[in-house]
Amino acid sequence: MFQTDTLYITDSVSCRYLVYNTYSAQGENVLPIDSLWRSSTKNLTIVPAPAGNVTSEKPDVFLSGIIISFFILLVVFSREIISTLPAVLKALTSLRNHCKLEEKLAITQQRNVVFVISLLYFPVIITLLADNYVSQEFNIYPPFFLIGFFVFLLLFGLAKKLIFKLLSWINRDKVTFNLLEKVGYNHVIIAAIFTFPSVLIKTFSSLITEEEVVFIMAISVLPILLIYLFRSYQIIIGHRFSHFFYILYLCGAEILPLVLIANFILSL
């Protein structure tokens, strides 16, 4: 009588099998071929995927274009950056240095350009160093996150500018609120400088994760924010406004725009 059995032929990359029939006499006991191995034997077969289904990770052209454009922008305005940074860093030490910087028209114009570049710096660097974390945490395409983050910062700055204009008109005092606005520009630039070491850490160390990079950048910005709030307190109290007005200023100019923009984004 005929018996059917299967013979498997394997190597490190493929697996094949042969089905064959054997003839055995009446009463003859023919053992199957798999009896050569014990039941505890483990077989591992690696079958390569078809050539047509092989996918390779390709760089994001859109994201790469945005990042390259940002670095070209840094090169184009390198003169303004180099001229502005010493004066801005010096202004960090005292409010008087902030006021001296505003008295120099050429430097203030260059500072305004560097301020816009600093606004773009944060979304570009976060997306560049933590694109996987961004896509997993926010479930959004990294280039869209970059653009959305930059638009959010612009809207926040525009809202604060409108509030400063309103406060200047109500209090008939352009000097105080114009100085508050410009001091804010300086601290944004300083925050960009203070977060740059985290970029170097991520670049030269593979041990730090993307989430840790974002956390380090946030921690680096926090002291600058506290210093800015203290400088705004000095300016408001120094121009004979009350402490109650300073509390109203914090709620209206610092917290309210952030809440309104965040509520608008979440409602989309």
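All residue numbers refer to positions counted from 1 along the written sequence of the respective chain. Restriction of local features to residues with pLDDT of at least 70 applies here, the model being predicted, together with a cutoff of 80 or more for giving and counting side-chain atom pairs; totals for whole chains, interfaces and linings are based on all residues. Each side-chain value is derived from all of the structure's non-hydrogen atoms; neither hydrogens nor water enter the calculation.

(A) Examining the pattern of salt bridges more closely. The term salt bridge refers to a pairing of a side-chain nitrogen on Lys or Arg with a carboxyl oxygen on Asp or Glu at a separation within 4 Å. Taken as a whole, this structure holds three salt bridges when the rule is applied. Note that Glu 181 is salt-bridged to Lys 161, the shortest N-O span being 2.8 Å. Here Lys 161 lies in helix α6 (residues 142–171) and Glu 181 lies in helix α7 (residues 174–204), a separation of 20 residues in the sequence. Classification of residues uses two cut-offs on accessible area relative to the type maximum, computed with a 1.4 Å probe and protein chains only: under 20% is buried, over 50% is exposed, and between them is partly exposed. Look at Glu 181 and you get buried, because its relative accessible area is 8%. Strands are runs of DSSP state E lasting at least 2 residues, helices are runs of H or I lasting at least 4, and numbering of each runs from the N terminus.

(B) Highlighting the environment of Ile 208. Structurally, Ile 208 can be placed in the loop between α7 and α8 (210–238). A C-alpha to C-alpha distance of 9.9 Å links Ile 208 and Ser 198, two positions ten residues apart in sequence. Apart from residues lying up to four places away in sequence, Ile 208 is in contact with Ile 201, Lys 202, Val 213 and Ile 216. When checking whether two residues touch, look at their non-hydrogen atoms; a contact exists if any pair is within 4.5 Å.

(C) A look at helix α4 (residues 105–129). To estimate the expected span of a helix, count its residues, drop one, and scale the result by 1.5 Å. If you check α4, its first and last C-alpha atoms are 36 Å apart, about what 25 residues at 1.5 Å a residue would give, namely 36 Å. A bend of about 25° at Tyr 121 is the largest found in α4, and the proline Pro 123 appears one to four places after it. The angle separating two fitted axes, one through the seven residues that finish at a residue and one through the seven that start at it, defines the bend at that residue.

(D) Broad picture of the nonpolar core. Nonpolar core, defined: a set of buried Ala, Val, Leu, Ile, Met, Phe, Trp, Tyr and Cys residues in which side-chain atoms within 4.5 Å join the residues together. Formed by 35 residues in total, the largest nonpolar core has its most connected members in Phe 70, Tyr 121, Phe 122, Val 124, Ile 125 and Met 217. Here this core takes eleven residues from α4, the largest share from any one element. When near neighbours in sequence (up to four residues on either side) are disregarded, Tyr 121 contacts Phe 70, Ala 192, Thr 195, Phe 196 and Val 199. Among the nonpolar cores identified, the runner-up in size contains 16 residues, and Ile 163, Phe 177, Leu 179 and Val 183 belong to it.

Any functional reading would require information that these geometric values do not contain.
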